Amino acid sequence: MPFFNRPTKDLLAAGCFLLVCILLVFASIWAYRQFITTPPYVDPERYPVRGIDISSHNGIIDFQEVARSGIEFVFIKATEGRDFKDKRFRSNYDKASAAGLKTGIYHFFRFDRDGVEQALNLMRTVGKRRPELGIVIDVEKTGNPDTIATETVTRRLSEMVDYLNLLGHRVMFYTNREGYYEYLADTFPGAPLWICGFSENPINAEWTFWQFNHRGRVDGITGDVDLNAFCGSREEWQSFLEGNLWPYTPLNKQ
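Residues numbered from 1 in each chain as written. Predicted model: local features only at pLDDT ≥ 70, side-chain atom pairs only at ≥ 80, totals over all residues. Heavy atoms only, no water.

## Some thoughts on the pairing of strand β7 (residues 193-196)
What counts is decided by this rule: For every residue, the accessible area obtained with a 1.4 Å probe (protein chains only) is divided by the maximum for its type, and the residue is called buried under 20%, exposed over 50%, and partly exposed between those limits. Strands here mean DSSP runs of E at least two residues long; helices mean DSSP runs of H or I at least four residues long; both are numbered from the N terminus. The criterion for strand pairing is that DSSP finds at least two bridges linking the strands in question. Here the term right-handed applies to a crossover when the path leading from its first strand over the helix to its second strand runs clockwise, the strands being oriented away from the viewer.
What you see with β7 is no split at all: Leu193 and Ile195 on one side and Trp194 and Cys196 on the other are buried throughout. Where strand β6 (residues 171-176) meets β7, 4 bridges bridge the pair, whose relative direction is parallel. When the sheet's bridge partners are listed, Thr175 is paired in β7 with Ile195. Each parallel crossover has a hand, and the one from β6 via helix α6 (residues 177-184) to β7 is right-handed. Sheet topology note: the β7/strand β8 (residues 209-216) ladder contains 3 bridges and is parallel.

Dropping the structure here:
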């Protein structure tokens, strides 16, 4: 008589199959984190000015510690769409400024919302603040419906940019390679760009800021934080802060 009967053999085979599947899932996650999202080497001599970007998801931040760690600038989330406001925006902005960090403010752009309505939501939240790094519009497919035509997205973006420019704000775009070529390259040529990428050459275009790591560690912040670099020397950084590297005006204003 065999040691195992058939039902026992079937259960054992199923258990082994399940174990293999679990191991493959964990191996895939490990490979993704190690190889796909591993940050590139960012030469400190070529990119000496470093910064972070944050939202309420980063919790309570000790910006004095952040500044002491060598971080020089921070992009702070303010709004999303036509009605969402980041609950920590005002506190983050005021404390970052008090710590001596150069600040930028960003808005997550919703493809399915009117551009002017989004600008109004942002301006109601920003108030009279004038961030040194300007206003950033975050343009990416992740988190947006995939049923909105490209032409509709770019038209709504143009409406928002026009409104912000009329108020005297300097506008920059944040995106990744896919978002740049689909929504920005043709409609906003020459616009200052904050690019997200994990290779040493993030995009074949001029860019001003580079988000190169989603899993950075910085004193004063609990958990992971996005790391960024300014594209240029310290002299170019100073020129940027003085407004000398902002040649862009909206396409329909040229």
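## Digging into the nonpolar core
Just so we agree on the cut-off: Side-chain atoms within 4.5 Å link the members of a nonpolar core, which is a set of buried Ala, Val, Leu, Ile, Met, Phe, Trp, Tyr and Cys residues. Residue contacts follow a heavy-atom distance rule, with two residues in contact if any of their heavy atoms lie within 4.5 Å.
Core analysis: the largest hydrophobic core is formed by 50 residues, its most contacted members being Ile52, Leu122, Ile137, Leu157, Leu164 and Phe173. With 5 residues, helix α5 (residues 150-166) is the single largest residue contributor to this core. Other than its neighbours up to four places away in sequence, Phe173 contacts Val136, Ile137, Val139, Leu157, Val161, Leu184, Phe188, Ala191, Pro192, Leu193 and Trp194. Among the nonpolar cores identified, the runner-up in size contains 15 residues, and Tyr106, Met172, Cys196 and Phe240 belong to it.

## Quick look at the pattern of salt bridges
Worth spelling out the cut-off: We define a salt bridge as a side-chain nitrogen of Lys or Arg found within 4 Å of a carboxyl oxygen belonging to Asp or Glu.
In the structure shown here, the tally under the stated rule is 11 salt bridges. Residue Arg68 is joined to Glu65 by a salt bridge in which the shortest nitrogen-to-oxygen separation is 2.7 Å. You can see Arg68 and its partner Glu65 sitting in helix α2 (residues 63-68), 3 residues apart, about one turn around the helix. Given the relative accessible area of 58%, Arg68 is considered exposed. Look at Glu65 and you get partly exposed, because its relative accessible area is 29%. Measuring nitrogen to oxygen at the nearest pair gives 2.5 Å for the salt bridge that ties Arg234 to Glu72. Residue Arg234 is located in helix α7 (residues 234-241), and its partner Glu72 is located in the loop between α2 and β2 (73-80); the two are separated by 162 residues in the primary sequence. By relative accessible area, Arg234 is classed as partly exposed at 40%.

Keep in mind these values describe shape, not function.
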